[in-house]
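Letter by letter, the chains look like this.
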Amino acid sequence: MRMTKIYEGAYQWIMFGRDVHKPEKIIDTNQYMVRTANRCLLIDPGGIELFAPMLAAVLHHAPVEEITDLFASHQDPDIISSLGLWDQALPNAKLHAATLWEGFLRHFGCETIEYVPIPDHGGVINLGTTELQIVPAHYLHASANFHIYDPHAKILMSGDVGAALEAPGTPVFVDNFDMHVEKMRFFHQRWMPSNQAKRAWIDRVRKLDIDILAPQHGRMFKGDDVKRFLDWFEALQVGIAV
Amino acid sequence: MQVNQTKSQFVAVASIAAELSAVMEVAKEISLAAANAKAIAFRAGEKAKGFQPITDFINELAKDTIELVNNINEYAFHLYRLTVNEQRMTEACRRFEKVGQLAVGARYADSLATPLQEVRLRTQICHREFIIQVSELLIKLADVMHPARAARVIAANSRIEASQAGEYLQSLQAVAESVDNAAQIINDKVHKCRSALTIINVAE
Ligand SMILES: [Fe+2]
Ligand SMILES: [Fe+2]
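Note that this is a predicted model, so its numbers are computed, not measured.

Calculation notes
Residues numbered from 1 in each chain as written. Chains lettered and ligands numbered in written order. Predicted model: local features only at pLDDT ≥ 70, side-chain atom pairs only at ≥ 80, totals over all residues. Heavy atoms only, no water. Donors = N, O, S within 2.8 Å, 3.2 Å for Na, K, Ca; no water. Tetrahedral: all angles 85-135°; square planar, octahedral: opposite > 155°, others 65-115°. Phe/Tyr/Trp six-rings, centres within 6.5 Å; stacked < 30°, edge-to-face > 60°. Helix = DSSP H or I, 4+ residues; strand = E, 2+ residues; numbered from the N terminus. Buried < 20%, exposed > 50% of the residue type's maximum accessible area, 1.4 Å probe, protein only. Lys NZ or Arg CZ within 6 Å of the ring centre and 35° of its normal. Contact = heavy atoms within 4.5 Å. Salt bridge = Lys/Arg side-chain N within 4 Å of Asp/Glu carboxyl O. Polar contact = N/O pair within 3.5 Å; in protein donor to acceptor, adjacent residues only side chain to side chain. Nonpolar A, V, L, I, M, F, W, Y, C, P; charged D, E, K, R; others polar. pLDDT = per-residue confidence, 0-100. Pairing = 2+ DSSP bridges.

A. Expanded view of the coordination of the iron ion (ligand 2). Within the protein, the iron ion (ligand 2) binds to Asp 78 of chain A (OD), Asp 160 of chain A (OD), Gln 216 of chain A (OE1) and His 217 of chain A (NE2); these donor distances fall in the range 2.1 to 2.4 Å. Classification of the site at the iron ion (ligand 2) as irregular follows from its four donor atoms and the range of 79 to 168° in their angles at the metal.

B. Quick look at the coordination of the iron ion (ligand 1). Residues and elements named next belong to chain A. Within the protein, the iron ion (ligand 1) binds to His 74 (NE2), Asp 76 (OD), His 141 (NE2) and Asp 160 (OD); these donor distances fall in the range 2.0 to 2.2 Å. Coordination at the iron ion (ligand 1) comes from four donor atoms whose angles at the metal span 86 to 169°, giving a geometry best classed as irregular. Sequence positions of the donors to the iron ion (ligand 1) reduce to the motif H-x1-D-x64-H-x18-D.

C. Spatial organisation of the packing of aromatic side chains. Enumeration over the complete set of coordinates arrives at 13 aromatic pairs over all chains. Measuring from ring centre to ring centre gives 4.9 Å for Phe 51 of chain A and Trp 86 of chain A, while their planes differ by 75°; the resulting arrangement is edge-to-face. One end of the pair, Phe 51 of chain A, is in helix H1 (residues 51-58); the other, Trp 86 of chain A, is in helix H3 (residues 83-89), with 35 residues separating them in the sequence. As far as burial versus exposure is concerned, Phe 51 of chain A and Trp 86 of chain A are alike and both buried. Ring geometry for Phe 10 of chain B against Tyr 80 of chain B: centres 6.1 Å apart, planes inclined by 65°, an arrangement best described as edge-to-face. Highlighted residues: Phe 10 of chain B in helix H1 (residues 2-44) and Tyr 80 of chain B in helix H2 (residues 51-102), separated in sequence by 70 residues. Residue classification places Phe 10 of chain B among the partly exposed residues on the basis of a relative accessible area of 25%. For Lys 198 of chain A, the ring lying beneath its charged end belongs to Phe 233 of chain A, and the centroid distance is 5.8 Å. One Lys or Arg, Lys 222 of chain A, reaches over the ring of Phe 173 of chain A and ends 4.2 Å from the middle of that ring.

D. Up close: the interface of chain A and chain B. Contacts between the two partners involve 21 residues from chain A and, on the opposite side, 20 residues from chain B. At the surface where chain A touches chain B, the tally comes to one salt bridge. The partner of Arg 95 of chain B in a salt bridge is Glu 49 of chain A, with the nearest N and O atoms 3.8 Å apart. Where chain A meets chain B, there are five residue pairs in polar contact (both at pLDDT 80 or more). For the side of chain A that touches chain B, the elements supplying multiple residues, two or more each, are H1 and H3 of chain A. Among the elements that make up the side of chain A that touches chain B, the one with the highest residue count is H1 of chain A (five residues). A breakdown of the residues in the side of chain A that touches chain B according to their chemical character gives 13 nonpolar, five polar and three charged.

E. Region of interest: the confidence of the model for chain B. Residues and elements named next belong to chain B. For chain B, per-residue confidence averages 85 on the pLDDT scale, and 97% of positions sit at 70 or higher. Confidence, read as mean pLDDT per element, is least for helix H4 (residues 169-203) in chain B (82) and greatest for H2 (89). In the model output, the complex is listed with pTM 0.86 alongside ipTM 0.90.

F. Quick look at the side chain of Asp 150 of chain A. All names here are of chain A. As for its position among the elements, Asp 150 is in strand E10 (residues 146-150). Within polar-contact distance, the side chain of Asp 150 engages the backbone nitrogen of His 152 at 2.9 Å. Once residues within four sequence positions are removed from consideration, Asp 150 is found in contact with Tyr 11, Trp 13, Leu 132 and Ile 155.

G. A look at the pairing of strand E3 (residues 31-35) of chain A. Residue and element names in this part refer to chain A. Within E3, five of the five residues are buried, which leaves the element mostly enclosed by the surrounding structure. Taking every second residue as pointing to the same face, both faces of E3 are buried, with Gln 31, Met 33 and Arg 35 on one and Tyr 32 and Val 34 on the other. Of the strand pairs in this sheet, strand E2 (residues 12-17) and E3 are connected by five bridges, and their pairing is antiparallel. Bridge pairing in E3 places Gln 12 opposite Arg 35.

Shown next, in the form of structure tokens:
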């Protein structure tokens, strides 16, 4: 599992991805970690097949007892089907996920981990020394969907928004936006159901100060590419299957 | 090995649940047959005097069976929960061991030792409880055989009583027949449950 530090301050953001051992037919995912002095948040910790390489990678940065928080942007298996295994591994952790998905996510196994339901309007994740915002992103693409915004690190973890399907081993940042667009177009048109939801999200996100837009698949956007992405997404017609 | 074991547990527990719900259906049929017989015996009056207490008895037996099966169903559900838990924990052990291999050299690799130990212990405890529950269930299943056996004896008596019921002979004989059949079916189903459970016990 490749690990890339994307923010270093009083705490760190680390991106995990591009796992070379990943079974071929499983979609490649990015996992993110926010590491403070004594706590640790895993954002979209991933699918069941990824659990072992993911935890092994995490153990380079934190012991299991300091992994105190998990966040699931939505209910998809590539996001959180590993929950039942984290549930056995983490002695004191909370899962922050939508109220709406609780009855569904519990199918993965959630006995030791405390389920902290996120209401539709979002909320915060307090990690003691820092606080992250939970930003609503409903219908992008799941009915209840949230992103994580860190106002200090200026990172927006955007779930499936900004995702691209790429060849294995691809770089972690977009280096040529125009070329990158083709890897995103169909994914967004087909997976995102609502132009109205898209507009509401763009209005909300444009007000945030963002250095890095960090999606769950493909490459991250940095600097001006963040604005380029928002403009491109704004102009895109989504929900094309009907 | 471990994974296959929980798989066969799933199959066994599922087949028990299926057999039990069949037993339940049959027991309900018996109680319906008893009500029916009672009505006929009432109409037959004097001619079916000997039949009346039998119908009450059949009804009792059906009730007993339903109650026992309800009780057993709870056991079966508990066995199912235990199997799910055991399967999850077995899977967790397997994955944690994999983490151990992949995390060689990681700074905090050792921190997984405690969770691994604990999940191994919980798996053992869970499996032990499963074994205990299975043997208790076997005993309970033997209890269900009793009313079924008694029902067969009663069915035989009913035939004798029916033969004295004149024009009601045929309908009362049909009742006796259906009670006998039902008891036979319950007997078979319970046998199937027991052999499904014995397979797990043997797999130990
Ligand atoms: Fe998704
Ligand atoms: Fe995804």
